[in-house]
Amino acid sequence: MLRTAVLIFGCLATALGVYLCTVGPAFGGVQTLIGGTVIVLATLFERWRYHNRKASDDGDWQRTGERFVDPETGKNMEVLYDPESGERRYRPIAGTHDRIYRPASGTG
């Protein structure tokens, strides 16, 4: 949501910069055009830059027993851990049909 708002703002600033450049050089069109372009490119670059390219399905992925409901999707998730790299992964639990996970109460 925030990313979309920033992209919209950057596109509007770029469009305003193009308009101001056509009106005349005394209205700051170049600065607005450059600023808007930087915002758009930086926002798009950020998604590509911080994507985990080393992540692979190879490795010794072990279940940790941790489970939670993803607040964004509402799906039940489980945590996997690779002891060699220290990386943690979260994947949907198959066959739960978006039921809320409730751990055992422990009182028996």
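Residues numbered from 1 in each chain as written. Predicted model: local features only at pLDDT ≥ 70, side-chain atom pairs only at ≥ 80, totals over all residues. Heavy atoms only, no water.

> Tell me what's going on with the packing of aromatic side chains, and back it up with residues and numbers.
Under the definition given, this model contains one aromatic pair. A centroid spacing of 5.7 Å and a plane angle of 80° characterise the contact between Phe 68 and Tyr 90, whose relative ring orientation is edge-to-face. Taken together, the residues Phe 68 in strand E1 (residues 62–69) and Tyr 90 in strand E3 (residues 88–92) connect sequence positions 22 residues apart. The class of Phe 68 is partly exposed, set by a relative accessible area of 30%. (Phe/Tyr/Trp six-rings, centres within 6.5 Å; stacked < 30°, edge-to-face > 60°. Helix = DSSP H or I, 4+ residues; strand = E, 2+ residues; numbered from the N terminus. Buried < 20%, exposed > 50% of the residue type's maximum accessible area, 1.4 Å probe, protein only.)

> So what's going on with the environment of Arg 3? Which residues, and what values?
Of note, Arg 3 is situated in helix H1 (residues 2–23). The exposure class assigned to Arg 3 is partly exposed, which follows from its relative accessible area of 27%. For the pair Arg 3 and Thr 43, spaced 40 residues apart in sequence, the C-alpha separation works out to 7.1 Å. Ignoring any residue separated from it by four or fewer positions in sequence, one finds Arg 3 in contact with Thr 43, Leu 44, Glu 46 and Arg 47. (Contact = heavy atoms within 4.5 Å.)

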